[in-house]
Amino acid sequence: MEQPQVTPQMVKDHGLNEEEYREIIKILGREPNYTELGVFSVMWSEHCSYKNSIALLKTLPREGDALLSKAGEENAGAVDIGDGLAVVFKIESHNHPSAVEPYQGAATGVGGILRDIFTMGARPIASLDSLRFGSPDNPRVRYLVDGVVRGIGDYGNSFGVPTVAGETYFDDAYTGNPLINAMAVGLVRADGLVSGTISGVGNPVMIVGSKTGRDGIHGATFASEELTEKSQERRPSVQIGDPFTEKLLLEATLEIIREDLVIGVQDMGAAGITCSCAEMSFRGNAGVTIDIDKVPVREKHMTPYEILLSESQERMLVCVKKGREEDVRRIFDKWELDSTIIGESNDSGIFKVRLNGETVSEIPSDVLSLGGGTPVYHRETRKPAYVDELAKINLDEYPTDRDFSKDLLTMLAAPNICDKGWVFNQYDSMVRTNTAVGPGSDAAVLRVRKTNRALALVTDCNGRYCYLNPRAGAIQAVAEAARNIACSGGRGVAITNCLNFGNPYKPEIYYGFSEAVAGMGEACRHFNTPVTGGNVSFYNEDPERAVFPTPTIGMLGIIDDVSHITTQGFKNAGDFIYLIGETDEELGASEYLHTIFGKNIGPLPKLDLHVEKLVQDTLLSAIRAGLIKSAHDCSDGGLAVALAECCLSDRENLFGAHIHLDDDIRPDCLLFGETQSRIIVSTDETHAEKLVDLCTASGVPIAAIGRVGRDRLVINDLIDIPLEDMSRAYYDSLRNLLERVRH
Amino acid sequence: MKNKKAVVYVRLKEGVLDPQGVTIQRAILNMGYDVVEGVRSGRFFELELADGNGDLSGKVEEICRKLLANPVIEDFSVEYT
């Protein structure tokens, strides 16, 4: 086959620098041809090789007794949850595709992360989405929100997985670069886990699922660049999702795994066939030769280059046990999916591609694979000047003779606080009927059938915190995730992360990345929640600005007994309300300063990890002892907002509260400061004393702060608001912000 | 030129996966017809145009780009009758 001559410009267009090109020539002992250049280009892109992040990621705690697969070794992390069951979970970004085509970008993001789960042999049981957008005042932002939310909903709902939790944040930092982080969770018998491996000699390699088209060629490289005007021209990179085919692919894949027909399976996401062949054969310490002309294609005249790099959705690569090809074919026929043998394994260690018998690409698998020979860079870091400047705050500039009732209403209607029903009501959160706690509480909870246990799931990250102090922000993201899981009655066991940052070649950006990874590692070690994997998304940056450093944490928790499941809303009028933890006089980095004064400023609230852990452990003991009716942590918006949320948790059944706080601190700090390690709980008269005793014995501060009421929220002489007013502000806000009609 | 009606055809760009087309083709095969090799689906709109506004083709194209078609993944064409 005639291939175009590789020119220096072509190398540059493929996103490879001169040094990398020299390395390629050294590896091959010759110049690469055009097809090989394409293969190197995608596999050495940031998206596949993690070349600018892996050195730091390796510093994260990745060991734990319950871990069944180590971070980065398989397509997703796997955690032993007892009873012979394992949970497979992972979070991944689909930021760049969603910025260009929000509906399909978000839909294929969900599809991709679901495949990562069932490629391991696990059946997806839940999906979560952590979303960040610019200000809803911007019509383009409203268009993105609409498309992304519909894309997630349509894909998840059609596929049949409940979307149970997530976050939706709005800040100008995300105007040009929305963040779409999708997390999926699956369940599998611990002995039924499958590896993404090609191994042995003469085992057939099959491509299954949809046909291959020209969609998404160089999507991986696309995700590794800043968005510019030029990205608009790259639009054919957008892939189209087909959730109904994915559902068939799920069933067929689980069936061939159940019937023990396979050596390994890997989904095709970024870099398509290339990535699967290279990574699977590297993992199996083997080689693979494929005949590219055998791949079923959707369009005529596709070149090997195009077929190798296509990112068509709903496809998997399967290494079949020799002699079982017909069984696999029979199963895929039954599910009306293509299955074609395109090659076989060997012991060469080489990924070879042939077209009509002629070799068109021949590269060692290891040099294409993360952990093999892909480049590893240590980038320069420089602390941005703003970090120290913004850490200073003079509270005198923020007068306290204010109408705090009005402020609370403003806060409750703020896009980052208000009810997100407009988003999650578009999702089916109950399909499969295991959802015990759906969207809107501290964490989602799913029952695990045939056991007495449940899973608690949450995503967390406060981008503003991470902007003001990336290390402390990342620590608090992990702490808040663990706290949310504790509030729902569980203990965190492991995390997955999605690290969204700007251009790593800018030292200020890389400072944020490196600090955030360090903070995350510290917190995860403290909570004993190892990192099971995830993904890194750099280049979330446009000519205007980079996004806030946003290390999204997805945490898995286990609730040992379904009777421990706890939610945030007050349960009965007359119940006693307690605050576990103490309130400091601090206001920095708060949602209050952001919403009321338009300032992202100040030092982060202090966090002592030992105190935090103690508070969480004590809360969990109290929940297990049956002393707690509701639990909700104080986070964005502080104590006043948290109390309001406890009142407003169920729009059909609102509660009031009469609160008296003794603390002798500024009222704005008291109401809206975001001191960490605080939890609002409610309990009845019979259990109140025991609760206080338990906390006191553990050395955890606890204070009786009031009673659950029926009609108003009253806090000292600072706040007095009728429930209906709060409810309207909280529940109607997002719809008004997103669906405003302009004439 | 007096515009009476604009007929807008919207179809997926060449190379973009058309799940509906694929499903229809499979159904055709399942019905026993082996004469169809591929199906591409699309949609069309009839816009009744206001009289006496001169050449509206620029405005119609704008409507297509902004509303009727998603130019990221779809092409459109307009016929005037």
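As a reminder, the structure under discussion sits directly above these lines.
Conventions used here
- Residues numbered from 1 in each chain as written.
- Chains lettered and ligands numbered in written order.
- Predicted model: local features only at pLDDT ≥ 70, side-chain atom pairs only at ≥ 80, totals over all residues.
- Heavy atoms only, no water.
- Helix = DSSP H or I, 4+ residues; strand = E, 2+ residues; numbered from the N terminus.
- Rg over C-alpha atoms; globule rule 2.2 N^0.38 Å.
- Buried < 20%, exposed > 50% of the residue type's maximum accessible area, 1.4 Å probe, protein only.
- Contact = heavy atoms within 4.5 Å.
- Areas by Shrake-Rupley, 256 points an atom, 1.4 Å probe, with all protein chains shown as cover.
- Lys, Arg positive; Asp, Glu negative; His and termini not counted.
- Charge placed at Lys NZ, Arg CZ, Asp CG, Glu CD.
- Patch = residues over 30% accessible without salt bridge, like charges linked within 9 Å, V, L, I, M, F, W, Y side chains within 5 Å.
- Salt bridge = Lys/Arg side-chain N within 4 Å of Asp/Glu carboxyl O.
- 1 Å grid on protein atoms, 1.4 Å probe; cavity = no way out; pocket = protein on both sides within 12 Å on 5 of 7 lines; lining within 4 Å.
- Points joined across faces, edges and corners; volume = space filled by probe spheres on them.
- Polar contact = N/O pair within 3.5 Å; in protein donor to acceptor, adjacent residues only side chain to side chain.
- Pairing = 2+ DSSP bridges.
- Axes fitted to C-alpha atoms, helices over the stretch in contact; angles between N-to-C directions.
- Parallel < 35°, antiparallel > 145°, perpendicular 65-115°, else oblique.
- Left-handed = near helix turned anticlockwise from the far one by under 90°.
- Nonpolar A, V, L, I, M, F, W, Y, C, P; charged D, E, K, R; others polar.

Each helix and strand in chain B was counted, giving 2 helices and 3 strands. Each helix and strand of chain B, ordered N terminal to C terminal, gives the series β-α-β-α-β. Its C-alpha atoms give chain B a radius of gyration of 16 Å, clearly above 12 Å, the size a compact globule of 81 residues would have. Looking at chain B residue by residue over its 81 residues, the buried ones come to 31%. Considering only contacts in chain B between residues 6 or more positions apart, those separated by 24 or more positions represent 72%. A total of about 5,400 Å² of accessible surface is found on chain B, and carbon and sulfur atoms cover 52% of it. Counting 11 positive and 13 negative side-chain charges, chain B places the averaged centre of each group 5 Å from the other.

This paragraph deals with a nonpolar patch on the surface. Taken together, the side chains of Met31(B), Tyr33(B) and Val35(B) present a nonpolar region at the surface, about 370 Å² in accessible area. Locating Met31(B) in the fold gives a position in the loop between α1 (19–30) and β2 (42–48).

To continue, consider the pattern of salt bridges. Residues and elements named next belong to chain A. Within the structure shown, the criterion is met by 50 salt bridges over all chains. Across the salt bridge formed by Arg298 and Asp215, the nearest N and O atoms sit 3.4 Å from each other. Placement of Arg298 in the loop between β9 (287–291) and α13 (304–309) and of Asp215 in the loop between β7 (204–209) and α9 (219–222) is noted, with a sequence separation of 83 residues between them. On the accessibility criterion, Arg298 (24% relative accessible area) is partly exposed. We classify Asp215 as buried; its relative accessible area is 3%. Of the charged contacts, one joins Arg483 and Glu612 as a salt bridge, the two residues approaching to 2.8 Å between their closest N and O atoms. Of this pair, Arg483 sits in helix α20 (residues 470–487) while Glu612 is found in helix α23 (residues 609–624), placing the two residues 129 residues apart along the sequence. For the pair formed by Arg483 and Glu612, the shared burial category is buried. A cluster of three or more residues bridged by salt bridges with shared partners is formed by Glu259, Arg324, Asp327 and Arg330.

Residues and elements named next belong to chain A. On inspection of all chains with the given rule, the structure shows 2 cavities of 30 Å³ or more. Of the volumes computed, that of the largest cavity is approximately 80 Å³. Lining the largest cavity, in full, are Arg132, Tyr169, Phe170, Asp171, Tyr174, Asn416, Asn462, Gly463, Arg464 and Phe548. Secondary structure elements with two or more residues in the lining of the largest cavity: β5 (163–170) and α19 (463–468).

Below, the discussion takes up the side chain of Gln266(A). All names here are of chain A. Tracing the chain through its elements places Gln266 in strand β8 (residues 262–267). Here Glu279 takes part through its side chain, which lies 3.1 Å from a polar atom of the side chain of Gln266. Leaving out residues up to four positions away in the same chain, Gln266 has contacts with Asn75, Thr119, Gly196, Cys275, Ser276, Glu279, Met280, Arg283, Met316 and Leu317.

Right, let's get into unusual backbone geometry. The phi angle of most residues is negative, glycine excepted, and most peptide bonds adopt the trans form. Residues and elements named next belong to chain A. Backbone geometry places Asn356, a non-glycine residue, at a positive phi of 50 degrees. Within the secondary structure, Asn356 is located in the loop between β12 (350–355) and β13 (358–364). Asn356 gets classed as exposed once you look at its relative accessible area, which sits at 63%. With a phi angle near 60 degrees, Ser677 is a residue other than glycine that sits in the positive phi range.

What follows is about the pairing of strand β16 (residues 454–460) of chain A. Residue and element names in this part refer to chain A. Within β16, 7 of the 7 residues are buried, leaving the element largely enclosed by the surrounding structure. Side chains Ala454, Ala456, Val458 and Asp460 project from β16 onto one buried face, and the interleaved Leu455, Leu457 and Thr459 project onto a second face that is buried too. Relative to β16, strand β15 (residues 444–447) runs antiparallel, the two sharing 4 bridges. When the bridges of β16 are listed, Arg447 appears paired with Ala454. Here β15 hands over to β16 after 6 residues, with Lys450 in that stretch at a positive phi of 65 degrees.

All names here are of chain A. Interhelical geometry of helix α8 (residues 139–159) versus helix α11 (residues 243–258) gives an angle of 40 degrees and a closest axis separation of 8 Å. Relative to α11, the element α8 is oriented oblique. Crossing angle aside, the handedness with which α8 passes α11 is right-handed. Contacts between α8 and α11 pair Asp154, Tyr155, Ser158 and Phe159 from the former with Pro243, Phe244, Glu246, Lys247 and Leu250 from the latter. Considered class by class, the residues forming the contact of α8 with α11 number 5 nonpolar, 1 polar and 3 charged.

Adjacent strands of a sheet form backbone hydrogen bonds with each other and so pair up, either parallel or antiparallel. All names here are of chain A. Ordered by their spatial adjacency, 7 strands build an open sheet running β21-β23-β20-β24-β22-β25-β26, and the pairing between neighbours is mixed. Pairing within the sheet leaves two strands with one partner each, and these edge strands are β21 (630–633) and β26 (719–722). Each strand axis lies, on average, 20 degrees off the axis of its neighbour in the sheet, ignoring direction. Here strand β20 (residues 576–580) runs beside strand β24 (residues 702–709); their pairing, made up of 5 bridges, is antiparallel. In the sheet register, Phe576 faces β24, and the bridge partner there is Arg707. Sheet strands in contact with helix α17 (residues 404–413) are β25 (712–715) and β26, and its direction is about 55 degrees off that of β26. Each of β20, β21, β22 (656–659), β23 (679–683), β24, β25 and β26 is contacted by helix α24 (residues 638–648), which is oriented at about 155 degrees to β25, the strand it contacts most.

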